[in-house]
Amino acid sequence: MNLILFFYFGSILGSFFQSLNSRIASQDSLTESQLNVRSLRSNCDKCGHQLSVIDLIPILSFLYLKGRCRFCDKKIEVQNLTAEIIFGFVFLFLTFNSFNTLDLTFNILFFSFIFAIALYDFEYFLVPKIYLLFLLLVSCVFVVMHGYLINVIFASVITGIIFVMKLILDHIKKEETFGLGDVFVIFCLGLFFHPFSFSLILFLSSILGLLIFALRYILLNKEKKVPFATIMAIGALGISPLS
């Protein structure tokens, strides 16, 4: 029963972040003047009709409505269902790999924001600053409460090296090779994970990123952006049992 509740709680957060991602992408409801009760209500992406509770139950609403809006009968984006399922399974995974309540709380907070970043980066190849801010806050509080000074030192050194590499590559290619948001995500990972686990995440993510880039280059016969933050989020989840 507890596992079902954790899965569904994750699905609710997945639905929330996917909706928020759409608003961030369209720059809707982000300014102080727009942050009111009415603007925060969910609407159909196609017809703009305000949605009720029956339309907003994660997974179940999508299945009950057969993937279509009740009001305009247009198809609901499958990304909504995907985000709900992904977050549900992420939360299930975390329950099996957390040793106590405090550990579980930090894992939920950290992975909620890094997977919110992952969803956005996968679709738009950008890392939202608002998510980065909360991810950095969670990482800093985690380090302070546990006294992991080695994490701070190692994360700072590695992130500094990567940032210098970015500047050099940007200068050589005369264009941005990878985003500054990715650099900040790397720093947060360094704060949250022990040096060995952090190094493993970066190594595996880099290999996977290069493979994806090569496949896209070969199949599409042109360069294609790689959602590196998404890859790092998946790598972090996979490595988390080792930390």
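Residues numbered from 1 in each chain as written. Predicted model: local features only at pLDDT ≥ 70, side-chain atom pairs only at ≥ 80, totals over all residues. Heavy atoms only, no water.

(A) Looking closely at the environment of F89. Position of F89 relative to the elements: it lies in helix α3 (residues 78–96). Distance in space between the C-alpha atoms of F89 and Y8 is 9.2 Å, their sequence separation being 81 residues. (Helix = DSSP H or I, 4+ residues; strand = E, 2+ residues; numbered from the N terminus.)

(B) Representation of the packing of aromatic side chains within the structure. All told, the structure shown has 18 aromatic pairs when counted by the stated rule. A ring pair is formed by F110 and F111, whose centres lie 5.5 Å apart and whose planes are at 85°; its orientation type is edge-to-face. The exposure classification of F110 matches that of F111, with both residues buried. Grouping aromatic residues by their ring pairs yields a cluster made of F106, F110, F111, F115, F142, Y148, F192 and F193. Across from the ring centre of F178, 5.6 Å away, lies the NZ or CZ of K166, which sits over that ring. (Phe/Tyr/Trp six-rings, centres within 6.5 Å; stacked < 30°, edge-to-face > 60°. Buried < 20%, exposed > 50% of the residue type's maximum accessible area, 1.4 Å probe, protein only. Lys NZ or Arg CZ within 6 Å of the ring centre and 35° of its normal.)

(C) Region of the structure containing the pattern of salt bridges. Under the counting rule described, the total for this entry stands at 3 salt bridges. Across the pair D170 and K166 runs a salt bridge whose closest N-O atoms are separated by 2.9 Å. Separated by 4 residues within a single helix, D170 and K166 lie in helix α6 (residues 149–173), roughly one turn from each other. Assessed through its relative accessible area of 5%, K166 is described here as buried. Of the charged contacts in the structure, one is a salt bridge between E176 and K166, with a shortest N-O distance of 3.5 Å. Highlighted residues: E176 in the loop between α6 and α7 (180–192) and K166 in helix α6, separated in sequence by 10 residues. (Salt bridge = Lys/Arg side-chain N within 4 Å of Asp/Glu carboxyl O.)

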